[in-house]
Amino acid sequence: MTAADQAATAPRGTLRQNLLIGGLSVLAGAIVIPYGASMPYIREGIPGPGLFPMMIGGLLVLFGVLLPLSTWIGARREGHRLRRAGVDGTASGAEAESSAESDAFALPGAAVQEADGDTPVEALETAGVMDTDVGSDGARRWINGAILLGGILAYVLLAPVLGFPITMALLVIAIVRSLRASWLAAVLTGVLASLGLWGLFEQVLLVQLPDGLIRGF
Amino acid sequence: MIQDVESALLLVADPTTILIVVLSAVFGLVIGALPGMTATLAAALLVPFTFFLDPVPAIAAIITMSAMAIFAGDIPSALLRIPGTPSSAAYTEDAFALTRNGKGTIGLGVSLVASVLGGLFGSVLLIFVSPILGEFALRFTSYEYFWVAVLGLTAAVIVSKGSQLKGGIALMVGLLVSTVGLDVTLGHPRFTFGEEQLYRGVDFIAAMIGLFGLSEVLRAVTARRGDSMPIPKTEGRGTIGPTLRGIWRNKVRVGSGSVIGGVVGALPGAGADIAAWIAYAVTRSTSRIRPGRGRSGKEAADDQRIEAISGASSANNAGIASAYVPTLAFGIPGDTITAILIGVLLVKGITPGPDLFLYQTDTLYSLYIIFIVANLLLLPLGFLLIRVSGMVLRIPRSILMGLIVAISICGAFAINNGYLEIGLVVLFGVMGYLFEKGGIPLAPVVLGIVLGPIVERNFMQSVIKTNWDLTQFFTRPISAVLIVLVVLAIASVPLMGWLGRRAERTVARREAESRTPAGA
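The residue numbering used here restarts from 1 in each chain and proceeds along that chain's sequence as written. Whichever chain is written first is A, and whichever ligand is written first is 1; the rest continue in order. The model is predicted, so local features are restricted to residues of pLDDT at least 70 and side-chain atom pairs to those at 80 or more, both for listing and for counting; the totals for chains, interfaces and linings are taken over all residues.

Colleague: Please give an account of the overall build of chain A that cites residues and values.
Modeller: Runs of E in the DSSP output that reach at least two residues are strands. Runs of H or I that reach at least four are helices, and both are numbered from the N terminus. Counting secondary structure elements, chain A contains 6 helices and 3 strands. Of the regular secondary structure in chain A, the N- to C-terminal order runs α-β-β-α-α-β-α-α-α. Counting over 217 residues, chain A shows a buried share of 30%. Here a residue counts as buried when 20 or more other C-beta atoms sit within 10 Å of its C-beta, as exposed when there are 12 or fewer, and as partly exposed otherwise, the C-beta atoms being derived from the backbone.

Colleague: Explain the overall build of chain B to me, and be specific about the residues and the numbers.
Modeller: Across its full length, chain B holds 23 helices and 3 strands. For chain B, whose C-alpha radius of gyration is 23 Å, the value lies close to the compact-globule estimate of 24 Å for 520 residues. Dimensions of chain B, computed from C-alpha atoms along their principal axes, come out at roughly 75 × 50 × 50 Å. Our contact criterion uses C-beta atoms placed from the backbone: two residues qualify when those atoms are within 7 Å. Expressed as a percentage of contacts within chain B between residues at least 6 apart in sequence, the contacts between residues at least 24 apart total 79%. Atoms counted for the radius of gyration: C-alpha only. Globule rule: 2.2 Å times residue count to the power 0.38.

Colleague: Could you give me a rundown of the packing of helix α4 (residues 139-162) of chain A against helix α5 (residues 164-178) of chain A, with the residues and numbers involved?
Modeller: All names here are of chain A. Here the axes come from fitting lines to C-alpha atoms, over the contacting stretch only for helices, and the angles between their N-to-C directions go from 0 to 180 degrees. For the pair α4 and α5, the least separation of the axes is 8 Å and the interaxial angle reads 170°. The angle between the axes of α4 and α5 places the two elements in the roughly antiparallel class. Where α4 approaches α5, its residues N144, I147, L148, G151, Y155, L158, A159 and L162 are matched on the opposing element by F164, I166, T167, M168, L171, A174, I175 and S178. Oblique is the label for any angle not covered by the other classes, which are roughly parallel (under 35 degrees), roughly antiparallel (over 145) and roughly perpendicular (65 to 115).

Colleague: Account for helix α11 (residues 240-249) of chain B, with residues named and values stated.
Modeller: Residue and element names in this part refer to chain B. Buried residues of α11: T243, G246 and I247, and no others. Seen along its axis, α11 keeps its buried residues to an arc of 95°; they face one direction. Among the exposed residues of α11, those oriented more than 90 degrees off its buried face are G241 and W248. On its buried side, α11 packs onto α7 (104-137), α12 (251-266) and α14 (297-322). Picture the helix axis, draw a direction to every C-beta atom, and the arc is the one those directions span.

Colleague: Describe the confidence of the model for chain A, naming the residues involved and giving the relevant values.
Modeller: All names here are of chain A. Chain-level pLDDT for chain A is 78 on average; 72% of the residues reach the 70-or-more range. pLDDT: the predictor's confidence for each residue, scored from 0 to 100. When the elements of chain A are averaged for pLDDT, helix α3 (residues 93-100) gives the smallest value, 41, and α5 the largest, 93. Every residue in residues 1-7 scores below 50 in pLDDT, and together they form 21 contacts with partners more than four places removed in sequence or on other chains. Low confidence marks residues 90-112, where pLDDT is under 50. Its contacts with residues over four positions away, or in another chain, come to 44 contacts.

Colleague: Residues and numbers for the environment of N316(B), please.
Modeller: Residues and elements named next belong to chain B. Mapped onto the secondary structure, N316 falls in helix α14. Distance from N316 to F71, taken between C-alpha atoms, is 8.5 Å for residues 245 residues apart in sequence. Once you skip the residues sitting within four places of it in the chain, N316 turns out to touch I70, S87, G261, A272, A275 and A276.

Colleague: Break down unusual backbone geometry for me, with residues and values.
Modeller: If you check the backbone angles, L206(A) has positive phi at about 55° while not being a glycine. The exposure class of L206(A) is exposed, given the 9 C-beta atoms found within 10 Å. At F191(B), a position not held by glycine, the phi torsion is positive, near 50°. Among the structural elements, F191(B) can be located in the loop between β2 (189-190) and α10 (204-221).

Colleague: Hey, could you go over the packing of helix α1 (residues 2-12) of chain B against helix α18 (residues 361-393) of chain B for me, with residue numbers and the actual values?
Modeller: All names here are of chain B. Closest axis-to-axis distance for the α1/α18 pair is 8 Å, and the angle between their directions is 60°. Between α1 and α18, the angle falls in the class oblique. The element α1 and its partner α18 pack so that their crossing is right-handed. Contacts from D4, V5, S7, A8, L9, L11 and V12 in α1 reach T361, D362, Y365, S366, I369, I370 and V373 in α18. Along the lines of polarity and charge, the residues of the contact of α1 with α18 split into 9 nonpolar, 3 polar and 2 charged. For a crossing to be left-handed, the near helix must be turned anticlockwise from the far one by less than a right angle; the clockwise case is right-handed. Residue classes follow a fixed rule: Ala, Val, Leu, Ile, Met, Phe, Trp, Tyr, Cys and Pro count as nonpolar, while Asp, Glu, Lys and Arg count as charged, and any other residue, Gly among them, counts as polar.

This is the structure in structure tokens:
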């Protein structure tokens, strides 16, 4: 793969993504403008409540069109530049990669500042492990997302019946467990979080949380 | 004035306020120290609680938390090579390299003291500059307020990370959200879909909890399986001496970083992240540290890293304080955290802007005192955090996510004792998640929601007052100055890009120069 090819594939994904974002932006604008126009006028020819939504809609359409267009022009210009540089034999793969990801407002300094004699990462003495590994693979990721959003929906439906402490404990247990924590950790977190928040909001902040089953206790 | 300061001191010395300051300090330190958890997320989770507090403790909670979180973000930068908050991203590589070379705690110590000094400088700047601007703002009419808000919106888009066009789309989404509810001219319902509860508009707190709280949980639960991160062993003892020597050697860098942070942070829409990047670039490109005279290549590189951290770390905390300058003087947020604070103040019946300097001076002075106290408190608590950082980083992510969801739901419910707000949290959570996936920045959405009503109200008031004579927007002297600033802000985009590329080339050249003698 040449440097120019590498640079061309990276922006192609960005172009597709920006085309989608731009399309959605134009669609939103196309819905908002007629909605704004349908609102009452202050008097003949003088828009009132609809003026701002119409202006916002217009800018959504404008930005939505400009976004994929500017990405496309940028990618073409980059391709030309790299092809020219390739002919001169001066473009290195690394250069192509960095310029493909370059940003109009990228501030400098992010480059790794390595020095001769730095201790290698492998030689570091460690004192523990951070639990960043809560992710999952394959369909499990989407099941986790569904547990979270479905859990909140279930909370809204069940809290008035079961009451806050039980429903919230169940929701937290489900989320913590879906992130591969042990049952003990999940149940402890669910029960303690639910009771802690119940005490804080009901007793200290005087917010009436749904009682449900436990009404009168 | 002395009377005002006295009553402000009484407000701050209240036991509830002191307790709130300490609790929010610990909260800020823990959240900031966890990778991916931003100070804005911490502010969004705090808001439901501040809802029930008096104005001064509510302000104290947000200010203290943000000062702590910005420093704490340096901890995972140094230990795990992951910035805890975006403000630490500029010098993550340097901080981690120092850890590799056994100087991690010195790097963190320098960062802490530089943060405290930068924060204090920003606070002093806030105390002296905001009244001057506030007095100037007394001459503002609806035309000027319109332009100040437009300036804030323009700046929000310009400093957007990634594409400015995406920033523009994000801003429009925020503005569109701000139009939900009854309009200011005829009281006509807009985007309410027949739901009467939406007549008062989309609740700002629910939107914040969704955009920053729930979206973070959604990201975590749908993340791919990663590798566990080993936490490097660091020696906490004997840090203070080398830290103070490091700060003394780099005092000029701390000074210049504080000034850059103070100025950049005060620009509407800019904030601490941008301040840190600019100060980092300036410090790196003007560094005079070279190997030689008893200094090996490795030592010179480490000294350069400590120098860069001094500059950038002082800048981000100075930026946190100075972001309050436009907030207090004009009611225009300097960054997302001040946008959240404006939302809290409005709920408390306090309108940020010139009135604050005339009628609510005790609250104003309390805010100044809190800034000083929060920055001084950061020093002991920060050193303590460096000592126990390994423990904080081991807090299981799964448990944390469960807690964020629980707090988000309780907070949303508490706004109105209803379920509509929980629905809004979910809606904004999904939106925040999708925006992040598409590389669309969230900060302009927040500023759009906060500034939207200000822009619309002042625009409509102005045009109705003058019977649609639009020339009034351009012919008034202060308006003209503000228009020039808006144009300059837009023109600064290519200029900043050029300056950035130039600084990058200088850094690369200096790096190459400094390596040549070491390798020889």
